[in-house]
Amino acid sequence: MQIPNHLAIIMDGNGRWAKKRQLPRIAGHRAGVENVRVIVKRCAELEIEALTLFAFSSENWRRPGKEVSLLMDLFSVALEQEIDRLHGNGVRLQVIGDPAAFPSKLQDKIFKAETLTENNDALTLTIAANYGGRWDLVRAFQKLAQNIKDGSLEPEAITEEAVSEQLCLSQLPEPDLFIRSGGEQRISNYLLWQLAYTELYFTDCLWPDFDVEAFDQALASYNRRQRRFGKTGEQIEQENAYGESSQA
Ligand code: IPE
Ligand code: IPE
Ligand code: MG
């Protein structure tokens, strides 16, 4: 079985999960956090190198203020409750996105959690919070433009690698597999650049219901894919027969 090095997930469907049970939306988000624990554990068991979870998009500020502030509280409580266990299991936690808009206490907790776990080398768990793919790209372009202005970079030196290096996940391999729960088939401004050649998997399963069995089904689907990176199927079969890399 082929295990993805890097898995990126959009955890969608918490609100509908709660609505089905006539519960407030926040109950769905709480159940969603419980499920994060289940999926992180499974990823660690499978020795997946990196798991990146979309927790709050730059567009989610458009939600009712009450839901946004409850989400901030939930993030803060979850960080506090989980960080020791994550650290104990060798998980490196990082948060990508613009933290500036978060309450300062939450910013402090994020910083402490990142610092505590920065030398861990089991799973790299990245939480995308106030993250947007376009924000990530604009930030990268601003840095490159600044380097040109300083005279430390020539315009011709803006290569794909140079752009990648400025993006949030520059130190990780690009995601091999993307999963979106909750039935929608869209990217919702997630990792726009990094998903260029990622295998996409969409499921109707709502995030709190996305259990180990559903997760393993996604992995089984990934294992049935042939990643061609622009080549023909015959080329890939030949390369596999000779044990060459399919990405070269
Ligand atoms: C995803 O679940 C969690 C966040 C965006 C914070 P939703 O809250 O989007 O759930 P649905 O899509 O309304 O069911
Ligand atoms: C995407 O979910 C963002 C997260 C899961 C954090 P949304 O529920 O906000 O996406 P749209 O708005 O339906 O595309
Ligand atoms: Mg949603």
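Along each chain, residue indices are assigned from 1 in the same order as the chain's sequence is written. Key to labels: chains lettered from A, ligands numbered from 1, both in the order written. Local features in a predicted model are, by the rule used here, given only for residues with pLDDT of at least 70; side-chain atom pairs are given and counted only at 80 or more, and totals for whole chains, interfaces and linings are based on all residues. Side-chain metrics in this entry use all non-hydrogen atoms of the structure; hydrogen atoms and water are not considered.

A. Focus on the overall build of the chain. Think of it this way: any DSSP run of H or I at least four residues long counts as a helix, any run of E at least two long counts as a strand, and we number them from the N terminus. Of the regular secondary structure elements, the chain holds 8 helices and 6 strands. What you see in the chain, going N to C, is helices and strands ordered as β-α-α-β-α-β-α-β-α-α-β-β-α-α. The reference for a compact globule is 2.2 Å times residues^0.38; the radius of gyration itself is calculated from the C-alpha atoms. For 248 residues, the compact-globule estimate of 2.2 N^0.38 gives 18 Å, and the C-alpha radius of gyration of the chain, at 19 Å, lies within 12% of that figure. If one aligns the C-alpha atoms of the chain with their principal axes, the spans along those axes are about 55 × 50 × 35 Å. Burial classes follow relative accessibility: with a 1.4 Å probe on protein chains only, a residue under 20% of its type's maximum area counts as buried, one over 50% as exposed, and anything between as partly exposed. Counting all 248 residues of the chain, 47% fall into the buried class.

B. Representation of the nonpolar core within the structure. Core analysis: the largest hydrophobic core is formed by 41 residues, its most contacted members being Leu 7, Ile 9, Leu 51, Leu 125, Phe 210 and Phe 215. The greatest single-element share of this core, amounting to 7 residues, is contributed by helix α3 (residues 65-88). Whether two residues touch is decided by their heavy atoms; if any such pair falls within 4.5 Å, the residues are in contact. In this view, Leu 7 contacts Cys 43, Ile 48, Ala 50, Leu 51, Thr 52, Leu 177, Ile 179 and Phe 215; residues no more than four positions away in its chain are not counted. Buried residues of nine kinds, namely Ala, Val, Leu, Ile, Met, Phe, Trp, Tyr and Cys, make up a nonpolar core once their side-chain atoms join them within 4.5 Å. If you look at the next biggest cluster of nonpolar residues, it comprises 14 residues, including Ala 8, Ala 128, Phe 178 and Tyr 190.

C. Inspection of the sheet that holds strand β2 (residues 50-57) at higher detail. The 6 strands lie next to each other as β3-β4-β2-β1-β5-β6, forming an open sheet whose pairing is parallel. For this open sheet the edge positions go to β3 (92-96) and β6 (199-202), each flanked by a neighbour on one side alone. On average, each strand axis in the sheet is inclined to that of its neighbour by 20°, with strand direction left out of account. Of the strand pairs in this sheet, strand β5 (residues 177-180) and β6 are connected by 4 bridges, and their pairing is parallel. Looking at the pairing, Ile 179 lines up with Tyr 201 of β6. With axes taken as lines fitted to C-alpha atoms, and helix axes fitted only over the stretch in contact, angles between N-to-C directions fall between 0 and 180 degrees. Sitting on the sheet, helix α2 (residues 25-45) is in contact with β1 (6-10), β2 and β4 (124-131), with an inclination near 160° to β2. At least two DSSP bridges between two strands are needed for those strands to be called paired.

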